[in-house]
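These are the residues of each chain, in order.
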Amino acid sequence: MSSSEVPSDVPRGNGAGFIKYFKYDIVSGLLVFLIALPLCLGISLACGYPPIAGIFTAIIGAILTTFVSNSELTIKGPAAGLIVIAIGCIEDFGGDGMTGGWTDADLAAYQAALAVGVAAAILQILFGLFRGGILGEFFPISAVHGMLAAIGVIIIIKQFPVALGVSAGGEPLEMLREIPHYVVEANPAIAAIGIVSILIMFLWPLAGRKVGILKMIPSPMIVLLVTVPMGLGFDLLHEHSYTLQGHQYQLGEQYLVKMPERVFGMFDDITAPDFAALKQFKAWKWAMMFFIIGSLESLLSAKAVDLLDPWKRKTSMNRDVLAVGVGNLCASLVGGLPMISEIVRSKANIDNGARTRFADMWHGVFLLLCVALIPTILHEIPLAALAGMLVYTGYRLAHPTEFIHVYQIGKEQLAIFVTTLLVVLATDLLIGVAAGIILKMVIHVANGVPIKSLFKPYIEVQEIDGGTSLILARESAVFSNWIPFRRQIEQIGLVQRRNLIVDVSETKLIDHSVMEKLEEMERDFEQEGLTFEVRGLETLQPLADNAHAARKRVLTTMRRLTVIADEGIEEWLEAQFVERGASGFVSSPCRGGGGLESAPGDVPSNSKVRIEVVMSHETCDVVLGFLRKDVLPEHPLTACVETVEVVRREPFEATTAEIPA
């Protein structure tokens with residue numbers, strides 16, 4: 001949205017805003033609905049739930065949470081990031097989702113998963129009520145991105161066989177080894193639909209960059225416009241077989257989305273949870289995973305949407321988690337998937353010109369009308385088309401540029417990212433994230449962070465004047481001690497309405513997560529009309545050439561020049577050294593003899609001056625050139641250079657203002 005299109009007043013999702021911004025919100029709601037419909041169906045099937053479950057979640061998330069959260073632009077609904085947990089829960093309770101059709105075992109697992117969803121939702125509600133939203137600040141960014149990349153890889157591995165028309169299951173690494181087998185066993189007609197879907201998802205955005213009008217049509221809708229006729233052409237509505245190159249293949253409704261067979265039939269599919277499942281210990285393992293990962297993803301998405309909001313409105317994270325919890329509770333009670341604040345649809349909402357939270361509500365209304373009134377049309381959507389969309393979604397989560405971006409921030413960040421990804425693939429999400437957190441702590445200790453400061457920030461607060469305070473940080477500023485550090489910043493600055501200076505010059509390490517969070521705090525202060533300044537970063541050495549790279553205190557190598565010369569040229573030499581870039585010097589009288597001033601056998605003792613200058617290698621080269629060219633031909637002196645290590649480089653470097661042009 002260009003600045004010229006942004007109204008001067010800030011849109012608010014109240015009664016007046018509903019009327020004033022109606023035309024913007026309903027149009028955006030319609031366009032987001034076109035994206036959400038196929039994704040909700042696909043995500044639900046990938047989770048091992050009935051396809052209608054994803055629609056239930058999106059409708060409840062859109063219509064109910066609109067009036068609970070204060071976020072104006074986030075879209076609530078099922079998300080690809082929870083697929084891995086959901087299908088894991090279903091499989092742990094004995095179901096296999098789409099594999100082999102819908103059986104009694106699948107129904108029992110589904111009802112158990114709904115009970116788990118209710119338990120997780122109650123935890124989220126309590127989390128929001130007791131202001132636990134700040135705990136989302138604890139997790140290191142690289143570990144979170146590694147987890148999301150692993151989820152993307154798992155989605156690709158799990159959905160690729162579906163796109164080929166092959167029934168498959170198992171652990172991600174086992175399925176990865178079986179991919180050549182899946183290709184050989186592919187059903188050609190179904191694979192054609194799946195491959196066309198994948199190609200459209202990848203190529204349509206590229207076409208949109210060259211032809212602007214194509215951006216108006218979301219790629220998932222193009223997939224449906226192409227693949228539904230393909231499914232009708234292959235006559236998937238009727239059971240039959242065909243032969244190709246001597247192989248016989250089956251086609252039929254098992255390759256189509258199962259939907260209600262009549263208008264308003266969706267209400268027949270409302271399913272109650274089986275709360276008896278909560279008596280089993282494993283149910284609480286999955287409830288904690290839904291709670292932790294779902295809340296974390298939702299918080300990260302809500303924060304990302306705040307940054308994208310043209311009016312820079314700020315979401316209450318505690319209230320947003322509460323809204324997601326309430327939505328999850330209602331969705332699980334009627335047979336829906338878990339939901340989060342979803343970033344992809346929220347970004348589309350912003351791009352489509354939404355003004356207030358009612359755009360989210362309208363997208364839910366359109367979903368309700370579509371599924372209630374035309375379910376038989378939705379039944380014609382091929383499963384392979386939905387799988388193709390999810391393969392692309394997985395690719396977006398595990399995009400190769402993610403690896404490059406993390407590497408640019410620092411090699412240690414890449415190690416954390418890759419470790420988290422690999423451990424998630426080999427075990428599960430919680431163990432993978434824990435592995436990333438532990439590795440990050442080990443790296444911090446190796447970089448000199450005292451163990452005592454891993455979880456406790458050592459800070460000193462000083463008042464500069466009536467409206468400004470200074471926080472002096474010592475020891476470390478890292479992800480694991482950021483929450484109490486942030487609370488101090490918010491209490492002194494945002495609550496007491498004071499400008500704030502954070503001095504980090506006495507820390508041994510500031511990690512990548514805190515570097516990004518300090519930048520976020522600067523934006524928060526700016527929105528409140530306050531100033532937030534970070535001082536002392538120049539005293540620490542970045543671990544990579546990136547603004548968000550971790551910074552570490554290290555000893556810096558400098559050169560120390562020692563000159564022994566006549567007292568008569570002392571002041572002149574000192575002035576010349578400063579003029580050429582030295583920040584200062586130390587001089588002292590001394591006596592000495594020998595060298596160029598004495599004849600053989602005669603060593604007189606004369607009054608001398610000893611001048612010592614510590615400077616950078618570059619400045620030292622300039623000064624030595626001056627001594628050789630302009631001083632030694634006229635004045636005998638002794639000069640020696642040695643390499644020394646200093647704690648801070650800056651005191652020995654002249655500022656630009658001190659160095660004459």
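Residues numbered from 1 in each chain as written. Predicted model: local features only at pLDDT ≥ 70, side-chain atom pairs only at ≥ 80, totals over all residues. Heavy atoms only, no water.

Undergrad: Sorry, what's going on with the overall build of the protein chain here?
TA: Within the protein chain one finds 23 helices and 14 strands. Its C-alpha atoms put the protein chain at 115 × 65 × 55 Å along the principal axes. In the protein chain, which comprises 661 residues, the share counted as buried stands at 52%. Partitioning the intrachain contacts of the protein chain with sequence separation of at least 6 by distance along the chain shows that 77% fall at a separation of at least 24. As displayed, the protein chain has an accessible area near 29,000 Å², and 61% of this comes from carbon and sulfur atoms. (Helix = DSSP H or I, 4+ residues; strand = E, 2+ residues; numbered from the N terminus. Buried < 20%, exposed > 50% of the residue type's maximum accessible area, 1.4 Å probe, protein only. Contact = heavy atoms within 4.5 Å. Areas by Shrake-Rupley, 256 points an atom, 1.4 Å probe, with all protein chains shown as cover.)

Undergrad: Help me understand the pairing of strand S3 (residues 247-251) in this model?
TA: Both faces of the sheet carry side chains from a regular strand, because those side chains alternate between them. Bridge count between strand S2 (residues 240-244) and S3: 5 bridges; the pairing is antiparallel. Paired with Tyr242 across the two strands is Tyr249, which belongs to S3. Between the end of S2 and the start of S3, which pair antiparallel, lie 2 residues, with Gln245 showing a positive phi angle near 50°. (Pairing = 2+ DSSP bridges.)

Undergrad: Teacher, can you tell me more about the packing of aromatic side chains here?
TA: Geometry of an aromatic ring pair is reported as the spacing of the ring centres plus the angle between the planes. Counting across every chain of the model gives 19 aromatic pairs. Ring plane angle 45° and centroid distance 5.0 Å describe the contact between Phe525 and Phe532, whose orientation is recorded as tilted. Neither Phe525 nor Phe532 differs from the other in exposure class; each is buried. A network of ring pairs unites the aromatic residues Phe18, Phe22, Phe67, Phe358 and Trp362 as a single cluster. Here the guanidinium or amino end of Lys282 rests over the ring plane of Phe93, the centre of that ring lying 4.8 Å away. A cation sits over an aromatic face here: Lys285 above Trp286, 4.6 Å from the ring centre. (Phe/Tyr/Trp six-rings, centres within 6.5 Å; stacked < 30°, edge-to-face > 60°. Lys NZ or Arg CZ within 6 Å of the ring centre and 35° of its normal.)

Undergrad: I tried to follow the sheet that holds strand S13 (residues 606-615) on my own but got confused; where do I start?
TA: Pairing within the open sheet is antiparallel, and its 4 strands lie in the order S12-S13-S11-S14. Looking along the sheet, the strands with just one partner apiece sit at the ends: strand S12 (586-592) and strand S14 (638-646). Adjacent strand axes in the sheet meet at a mean angle of 25° when their direction is disregarded. With respect to the sheet, helix H22 (residues 570-579) is in contact with strand S11 (556-566), S12 and S13, its orientation differing from that of S13 by roughly 10°. On top of the sheet, helix H23 (residues 617-631) reaches S11, S13 and S14; it is set at about 20° to S11, its chief contact. (Axes fitted to C-alpha atoms, helices over the stretch in contact; angles between N-to-C directions.)

Undergrad: Honestly, the environment of Ser341 in this entry has me stumped. Any pointers?
TA: Relative to the helices and strands, Ser341 resides in strand S4 (residues 340-342). Those residues in contact with Ser341, other than ones at most four positions away along the chain, are Thr74, Ile75, Lys76, Glu297, Ser298, Ser301, Ala302, Asp320 and Val324. In terms of polar contacts, Ser341 uses its side chain to reach the side chain of Lys76, at 3.3 Å. Side-chain polar atoms of Ser341 contact the side chain of Asp320, separated by 2.8 Å. (Polar contact = N/O pair within 3.5 Å; in protein donor to acceptor, adjacent residues only side chain to side chain.)

Undergrad: I keep staring at the nonpolar core and nothing clicks. Help me out?
TA: Here is a general trend for soluble globular proteins: nonpolar side chains tend to be buried in one another's company. One finds Tyr49, Ile83, Ile85, Phe93, Val116, Phe290 and Leu429 to be the most contacted residues of the largest nonpolar core, which totals 61 residues. Those residues in contact with Phe290 that sit more than four places away from it in its chain are Tyr49, Ile85, Ala86, Cys89, Val116, Ala120, Gln124, Ser295 and Pro338. Listed in part, the 44 residues of the second largest apolar core include Ile59, Met201, Cys370 and Val371. (Core = buried A, V, L, I, M, F, W, Y, C linked by side-chain atoms within 4.5 Å.)

Undergrad: Hey, could you run me through helix H18 (residues 411-426) in this one?
TA: The periodicity of an α-helix, 3.6 residues per turn, causes residues three or four positions apart to be oriented the same way. An ideal rise of 1.5 Å per residue puts 22 Å on 16 residues; H18 measures up with 22 Å between its terminal C-alpha atoms. Those residues of H18 lying buried are Glu412, Gln413, Ile416, Phe417, Thr420, Leu421, Val424 and Leu425. Taken together, the buried residues of H18 touch helix H6 (141-164), helix H7 (172-177), helix H17 (400-409), helix H19 (429-446) and helix H21 (512-527). (Expected span 1.5 Å × (residues − 1).)

Undergrad: What exactly am I supposed to notice about the packing of helix H2 (residues 22-46) against helix H16 (residues 383-397) here?
TA: Axes are the key here: two packed helices are described by the angle between their axes and the distance separating the axes. Relative to each other, H2 and H16 sit at 90°, their axes nearing to 9 Å. Taken together, H2 and H16 sit at an angle that is classed as roughly perpendicular. The residues of H16 that touch H2, namely those facing Pro38, Leu39, Leu41, Gly42, Ile43, Leu45 and Ala46, are Leu383, Leu386, Met389, Leu390 and Thr393. In the contact of H2 with H16, the residues fall into 10 nonpolar, 2 polar and no charged. (Parallel < 35°, antiparallel > 145°, perpendicular 65-115°, else oblique. Nonpolar A, V, L, I, M, F, W, Y, C, P; charged D, E, K, R; others polar.)

Undergrad: So what exactly am I meant to see when it comes to unusual backbone geometry here?
TA: Here Asp235, not a glycine, exhibits a phi torsion of approximately 55°, which is positive. Structurally, the position occupied by Asp235 is in the loop between helix H10 (219-233) and S2. The exposure class assigned to Asp235 is partly exposed, which follows from its relative accessible area of 32%. With phi around 50°, Gln245 is a residue other than glycine that occupies positive phi space.

Undergrad: Would you explain the pattern of salt bridges in this entry?
TA: Opposite charge on two side chains allows them to pair when their charged atoms are near. Overall, the coordinates contain 25 salt bridges when judged by the stated rule. Between Asp268 and Arg262 there is a salt bridge, with its nearest N and O atoms 2.4 Å apart. Each of Glu137, Lys303, Arg486, Glu490, Lys517 and Glu520 takes part in salt bridges that share partners, so that together they form one network. (Salt bridge = Lys/Arg side-chain N within 4 Å of Asp/Glu carboxyl O.)

Undergrad: Please clarify how the side chain of Arg357 should be interpreted in this entry.
TA: For Arg357, the location among the structural elements is in the loop between helix H13 (343-351) and helix H14 (358-373). Judged by its relative accessible area of 12%, Arg357 falls in the buried class. In this structure the side chain of Arg357 is engaged in a polar contact, spanning 3.0 Å, whose partner is the backbone oxygen of Ser69. With residues up to four places along the chain from it excluded, the contact list for Arg357 reads Gly13, Thr66, Ser69, Asn70, Ser71, Glu72 and Arg319.

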